[in-house]
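# Analysis of the macromolecular model
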Amino acid sequence: MRRHGVWFTIATVATLALSGCGTGAAGLAGPSPSAAPFPMFTDGLLTYERVEQPGGGYVSMAALFVGTLTFENGCLRVGGDPLIFPADLTTWDGTTLTVDGLEYQVGDRMAAGGGQLHDVVLPAEVREHCGEHAPVLVGGVDAEVPDPLVAPDLPPDEAWGELPESPLAARRASVGAWVGDSFVIVGGWTDQPCLPTADCAYRESAQRDGASYDPYIDMWQRIATAPVPVSTYSSAVVGSDLYLLTYDVVDGGLQVGTDGQIVVSFLRYDSEADAWSVLPSPPSPGALVAAGDRVLAITGSDENVVGADAVFDPATQMWSALPDDPLGPSYDRGAAWLNGSLLLSAKRLVDNPDSAAPSLVRLASLDSTLTTWTELPESDITGLGPLAVAGLGVFPFYGTDSTGAAVRPGERPYEEAGIFNPDDQTWTAMPELPGGAPLNEYANGSAPQAVGDRVLIGVRFLVDPVTRAITELPQQPWTDRSEATVITGPDSILVWGGVTYDDDPAGANHSDGYLLGL
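Every chain's residues receive numbers from 1 upward, in the order its sequence appears when written. pLDDT decides what is reported in this predicted model: residues at 70 or higher carry local features, side-chain atom pairs at 80 or more are listed and counted, and totals for whole chains, interfaces and linings draw on all residues regardless. For side-chain calculations, the full set of non-hydrogen atoms in the structure is used, while hydrogens and water are omitted.

### Looking at the overall build of the chain
Within the chain, the regular secondary structure consists of two helices and 43 strands. Should any heavy atoms of two residues lie within 4.5 Å, those residues are counted as being in contact. Counting contacts in the chain only where the partners sit at least 6 residues apart, residues at least 24 apart contribute 61% of the total. For the chain, the computed accessible surface area is about 22200 Å², with 49% contributed by carbon and sulfur atoms. Elements are defined by DSSP. Helices are runs of H or I of four residues or more, strands are runs of E of two residues or more, and each kind is numbered from the N terminus. Residue-level accessible areas treat just the shown protein chains as cover; the underlying method is Shrake-Rupley with a 1.4 Å probe.

This is how it looks when you write it as structure tokens:
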């Protein structure tokens, strides 16, 4: 649900100010001190008793919540949030919601003035219908529903801006994604980090809680708790839904099935309803790829187990196998949804790869109906990928350091990075990065990501694959970290959390974050 107007973060209703009350005003009352329960829940409608303040008027707050009225699981919501309306101003007959004389049908957009009660936990019988999201206490409604919010100025691209304090505990390796109109962070590990040179057993399961950050209003908000621990396996976003593959820990290690594959859970987070669903797992765990309104699971290697690529249909909530690709047994498999088709990359699976000659990236394309494969010309690159950026297949693997000697030994005549043009099926080289720049200074191990029509490399550079221009990002205001969560939005980059070993040799998790507007 979109919020408009002047914003305050409320911890308790006592923080709210006094104002007059009238039709269209955001007059907000706190939970009633009377004998009436708070909230009252009748036929799906949440209400409360307003209390007139000494001298007249009601407690209010200048915040406007805008969204679509829905009736889900026996609960009225606006934009996915449960709203608590003034009992003396509100009626609901199962079809029409009337608030202070204004009428709304399910499916109508409405604007309600009030504030979100982050510290209020609804009774269990109410949460069963209305979910776990923090409720919104409504003082009144506005007949005029504002247009969709346009983005105000983000932190300038000359410097990173520090985020407000997050509601999440310090952690590392959280899952992050741009979902709807916010950055979403969920799961990750809060236990004692493993030393960077050690190979440690897992001490405990990953976390299940999460939060969203809206850069346009500079505000965090907790999201519903995931049904299982969430770890960084793979994720994809389709519309306002975040899909995750995640694994759990058993006896200090990853849970492995009888088929030798890691046991994974497949989850969907509906950001509009702030609700999680546990869905059927794919036939084989793999990288999730958003393909229009579908989700693909592409296995990473045939080395130990020959997996099955599959497509998930959200409408039927069923997986179907993709046809066998023409590349045969492979490893370092990757995929991207490019110009309405699937671009698959892989390296030939042979004995002792790279012993006689480097293993080169091979390509195939699967059409939009997911029925017909076309094998494409083989490349001269050895890296990983791809990303779909500006209509091109970009393989941005530069290694972990941009010094020419470390990434591209002169005696080897093969590049690791490259750009594939699907229109004429030709390859061009990625532009050289400035020599000596430490690409993993913060987001150690963070994979390259698309940012609009550019590629983010190591949270240090933006590379334009069309013009080949390279933009160096501003100096980061943080210390060296690994396992930070790096998320690219449509016009900004967020970096949050991670672990450092400078001040504490045993490792310290972090909960601070930074935003860079583009």
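### Some points on the sheet that holds strand 31 (residues 362–366)
Strand order in the open sheet formed by four strands is 29-30-31-32, with antiparallel pairing between adjacent strands. Every interior strand has two partners, whereas the edge strands, strand 29 (330–338) and strand 32 (373–375), have only one. Mean inter-strand twist for the sheet, computed between neighbouring axes without regard to direction, equals 25 degrees. At least two DSSP bridges between two strands are needed for those strands to be called paired. Bridging between strand 29 and strand 30 (residues 341–348) involves seven bridges; their strand directions are antiparallel. Note that in strand 30 the partner of G334 across the bridge is S345. For every element, the axis is a line fit to its C-alpha atoms; helices are fit only across the contacting stretch, and the angle between N-to-C directions ranges from 0 to 180 degrees.

### Focus on the sheet that holds strand 25 (residues 287–291)
Strands pair in a sheet through their backbones, by hydrogen bonds, and they do so in one of two ways: parallel or antiparallel. Read across the sheet, four strands follow the order 25-26-27-28 without closing on themselves; strand pairing throughout is antiparallel. Strand pairing shows two members of the sheet lacking a second neighbour, strand 25 and strand 28 (318–321), which therefore form its edges. Direction aside, neighbouring strands of the sheet carry axes that sit 30 degrees apart on average. Pairing of strand 27 (residues 310–313) with strand 28 involves four bridges; the strand directions are antiparallel. Of the residues in strand 28, the one forming a bridge with D313 is M318.

### Comments concerning the pattern of salt bridges
For this document, the term salt bridge refers to a Lys or Arg side-chain nitrogen within 4 Å of an Asp or Glu carboxyl oxygen. A full pass over the atoms with the stated rule returns 14 salt bridges. D209 is the salt-bridge partner of R171, the closest N and O atoms lying 2.8 Å from each other. Pair noted here: R171 is in the loop between strand 14 (161–162) and strand 15 (175–179) and D209 is in the loop between strand 16 (182–186) and strand 17 (210–214), with a separation of 38 residues, a long-range link. To sort residues, take the accessible area from a 1.4 Å probe on protein chains only and compare it with the maximum for the residue type: under 20% means buried, over 50% means exposed, and anything in between is partly exposed. According to the relative accessible area criterion, D209 is buried, its value standing at 18%. One salt bridge in this structure joins R362 and E378, with 3.9 Å as the shortest N-O distance.

### What about a negative patch on the surface?
Taken together, the side chains of D480, D502, D503 and D504 make up a negatively charged region of the molecular surface. As for its position among the elements, D504 is in the loop between strand 42 (492–500) and strand 43 (508–517). Residue D504 is classed as partly exposed on the basis of its relative accessible area, which comes to 33%. The patches described consist of residues with a relative accessible area above 30% and no salt bridge, like charges being joined within 9 Å and nonpolar side chains (Val, Leu, Ile, Met, Phe, Trp, Tyr) within 5 Å. Only four residue types enter the charge count: Lys and Arg as positive, Asp and Glu as negative, with His and the chain ends excluded. Charge placement uses NZ in Lys and CZ in Arg. For Asp and Glu, CG and CD serve respectively.

### Describing the side chain of R333
Among the secondary structure elements, R333 is positioned in strand 29. Any N or O atom pair separated by 3.5 Å or less is treated as a polar contact, with the protein-specific requirement of one donor-capable and one acceptor-capable atom, and with residues adjacent in sequence counted only for side-chain atom pairs. Separated by 2.8 Å, the side chains of R333 and D309 make a polar contact. Look past the residues within four positions of R333 in its chain and what remains in contact with it is I298, T299, G300, S301, D302, D309, D325, L344, S345 and A346.

### With respect to the side chain of S166
Following the sequence through the fold, S166 ends up in the loop between strand 14 and strand 15. A polar contact of 3.0 Å, which involves the side chain of S166, links it to the backbone nitrogen of L168.

### Notes on unusual backbone geometry
The linkage connecting F38 with the following residue, P39, adopts the cis geometry, with an omega of -10 degrees. Position of P39 among the secondary structure elements: in the loop between strand 2 (17–19) and strand 3 (40–42). In the Ramachandran plot, A173 falls in the positive-phi region, its phi being about 55 degrees despite a non-glycine side chain. Inspection of the secondary structure assignment puts A173 in the loop between strand 14 and strand 15. For A173, a relative accessible area of 10% corresponds to the buried category.

### Some thoughts on the pairing of strand 7 (residues 75–78)
On strand 7, burial covers both faces: C75 and R77 on one face and L76 and V78 on the other are all buried. Relative to strand 7, strand 6 (residues 64–72) runs antiparallel, the two being bridged by four bridges. Considered in strand 7, the bridge of L69 is made with V78. The hairpin turn running from strand 6 into strand 7, its antiparallel successor, is two residues long, and N73 in that turn takes a positive phi close to 55 degrees. Taking the residues that link successive antiparallel strands as the turn, the strand 7-strand 8 (residues 81–86) hairpin has two residues, and the phi of G79 there is positive, at about 60 degrees.

### Comments concerning the packing of aromatic side chains
The aromatic pairing rule takes the rings of Phe, Tyr and Trp, using the six-membered ring of Trp, and pairs them if the centres are within 6.5 Å, calling planes under 30 degrees apart stacked, those over 60 edge-to-face and the rest tilted. Enumeration according to the criterion identifies 17 aromatic pairs in this entry. Ring centres of Y213 and W220 lie 5.3 Å apart, and the angle between their planes is 50 degrees; on these two criteria the pair is classed as tilted. You'll find Y213 and W220 in the same group, each marked buried. What links up through ring pairs into an aromatic cluster is the set Y243, F266, F312 and W319.

### Here's the deal with the pairing of strand 12 (residues 109–116)
A large share of strand 12 lies buried, amounting to seven of its eight residues. Bridging between strand 6 and strand 12 involves five bridges; their strand directions are antiparallel. In the strand pairing of strand 12, G67 is matched with M110. Note: strand 12 against strand 13 (residues 136–142), six bridges, orientation antiparallel. Paired with G115 across the bridge in strand 13 is L137.

### Things to note about the state of the cysteines
For the purposes of this analysis, a disulfide is any pair of cysteine sulfur atoms at a distance within 2.5 Å. Counted by the stated rule, this structure contains one disulfide. The partner cysteine of C75 in its disulfide is C130, sulfur to sulfur 2.1 Å. Sign of the S-S torsion, about 100 degrees for the bond between C75 and C130, identifies this disulfide as right-handed. Taken together, the positions of C75 in strand 7 and C130 in helix 1 (residues 124–130) put the pair 55 residues apart, joining distant regions of the chain. C75 sits in the buried class, given a relative accessible area of 0%. For C130, a relative accessible area of 1% gives the class buried.

### Digging into the environment of S174
With respect to the helices and strands, S174 occurs in the loop between strand 14 and strand 15. Along the chain, S174 and W189 lie 15 residues apart, while their C-alpha atoms are 7.0 Å from each other.

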